[in-house]
Amino acid sequence: MPIAVDIDVMLAKRKMSVGELADRVGITPANLAVLKNGRAKAVRFTTLAALCEVLECQPGDLLRWEAEDAAGG
């Protein structure tokens, strides 16, 4: 998927656990794991805003676009 999720990077910078972040954002640790591991198909702006507020960062610190590998074509 061309959108990479860097929540784990911000968690490390803030020395925060997944469980603590999930609790402070108001989502389940399982749903946060789906988002963190890049398996989410969508993210609500309210969730993104809450993540940014808790982690004291910008959306671009959590999400970035990567070109898909054009091999074979």
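In this text the structure is predicted, and so the values were computed from the model without any measurement.

Another aspect to go through is the side chain of Asp6. Considering the arrangement of structural elements, one finds Asp6 in the loop between strand 1 (3-5) and helix 1 (7-14). Here Asp6 falls in the buried class, since its relative accessible area comes to 13%. Of the polar contacts made by the side chain of Asp6, one reaches the side chain of Arg64; its length is 2.6 Å. When near neighbours in sequence (up to four residues on either side) are disregarded, Asp6 contacts Asp61, Leu62 and Arg64.

Right, let's get into the nonpolar core. Membership of the largest hydrophobic core comes to 19 residues, with the highest contact counts inside it found for Ile7, Leu21, Leu51, Leu55 and Leu62. Sorting the residues of this core by element identifies helix 1, helix 2 (18-25), helix 3 (29-36) and helix 4 (45-55) as the ones contributing at least two each. It is helix 4 that provides the largest number of residues to this core, a total of six residues. Residues contacting Leu21, with those up to four places away along its chain left out, are Ile7, Leu11, Met16, Leu32, Leu51, Val54 and Leu55.

Considering the arrangement of structural elements, one finds Lys36 in helix 3. Of the residues examined, Lys36 reaches a relative accessible area of 22% and is grouped as partly exposed. When the C-alpha atoms of Lys36 and Leu11 are compared, they prove to be 10 Å apart, with 25 residues separating the residues in sequence. Look past the residues within four positions of Lys36 in its chain and what remains in contact with it is Val5, Ile7, Asp8, Leu11 and Val18.

Turning next to the UniProt feature "domain: HTH cro/C1-type" (unreviewed entry) in the protein chain. Mapped onto this numbering, the UniProt entry annotates "domain: HTH cro/C1-type" (unreviewed entry) at residues 13-62. Taken end to end, residues 13-62 is 66% helix and 0% strand, and its first and last C-alpha atoms sit 12 Å apart.

To continue, consider the packing of helix 2 against helix 3. Running from N to C, helix 2 and helix 3 cross one another at 110°; their axes reach a closest spacing of 9 Å. The angle between helix 2 and helix 3 places the two elements in the roughly perpendicular class. Residue-level contacts link Val18, Leu21 and Ala22 of helix 2 to Pro29, Leu32 and Lys36 of helix 3. When grouped by side-chain class, the residues that make up the contact of helix 2 with helix 3 number five nonpolar, no polar and one charged.

For the rest of this paragraph, the subject is the side chain of Thr47. With respect to the element layout, Thr47 can be found in helix 4. Here Thr47 falls in the buried class, since its relative accessible area comes to 16%. Apart from residues lying up to four places away in sequence, Thr47 is in contact with Val25 and Ile27.

What counts and how
- Counting starts from 1 at the beginning of each chain's written sequence and moves along it residue by residue.
- Local features in this predicted model are restricted to residues of pLDDT 70 or higher, and side-chain atom pairs are both shown and tallied only at a pLDDT of 80 or more, whereas totals for entire chains, interfaces and linings draw on every residue.
- For the side-chain quantities, the full set of heavy atoms in the structure was used; hydrogens and water were omitted.
- The helix and strand labels rest on DSSP assignments: H or I over at least four residues marks a helix, E over at least two residues marks a strand, and numbering proceeds from the N terminus.
- Note on classification: 1.4 Å probe, protein chains only; a residue is buried when its accessible area is under 20% of the maximum for its type, exposed when over 50%, partly exposed between these limits.
- We call two N or O atoms a polar contact when they sit within 3.5 Å, provided that within protein one can donate a hydrogen and the other can accept it, with sequence-adjacent residues counted only if both atoms are side-chain atoms.
- We call two residues in contact when some of their heavy atoms are within 4.5 Å.
- Residues enter a nonpolar core if they are buried and are Ala, Val, Leu, Ile, Met, Phe, Trp, Tyr or Cys, with the set joined through side-chain atoms within 4.5 Å.
- UniProt positions are given in the numbering used here, feature names are shortened, and annotations may be inferred rather than shown by experiment.
- Throughout, an axis means a line fitted to C-alpha atoms (over the contacting stretch in the case of helices), and angles, computed between N-to-C directions, take values from 0 to 180 degrees.
- Between 65 and 115 degrees an angle is taken as roughly perpendicular, under 35 as roughly parallel, over 145 as roughly antiparallel, and anywhere else as oblique.
- Note on residue categories: nonpolar means Ala, Val, Leu, Ile, Met, Phe, Trp, Tyr, Cys or Pro, charged means Asp, Glu, Lys or Arg, and polar means any other residue, Gly included.

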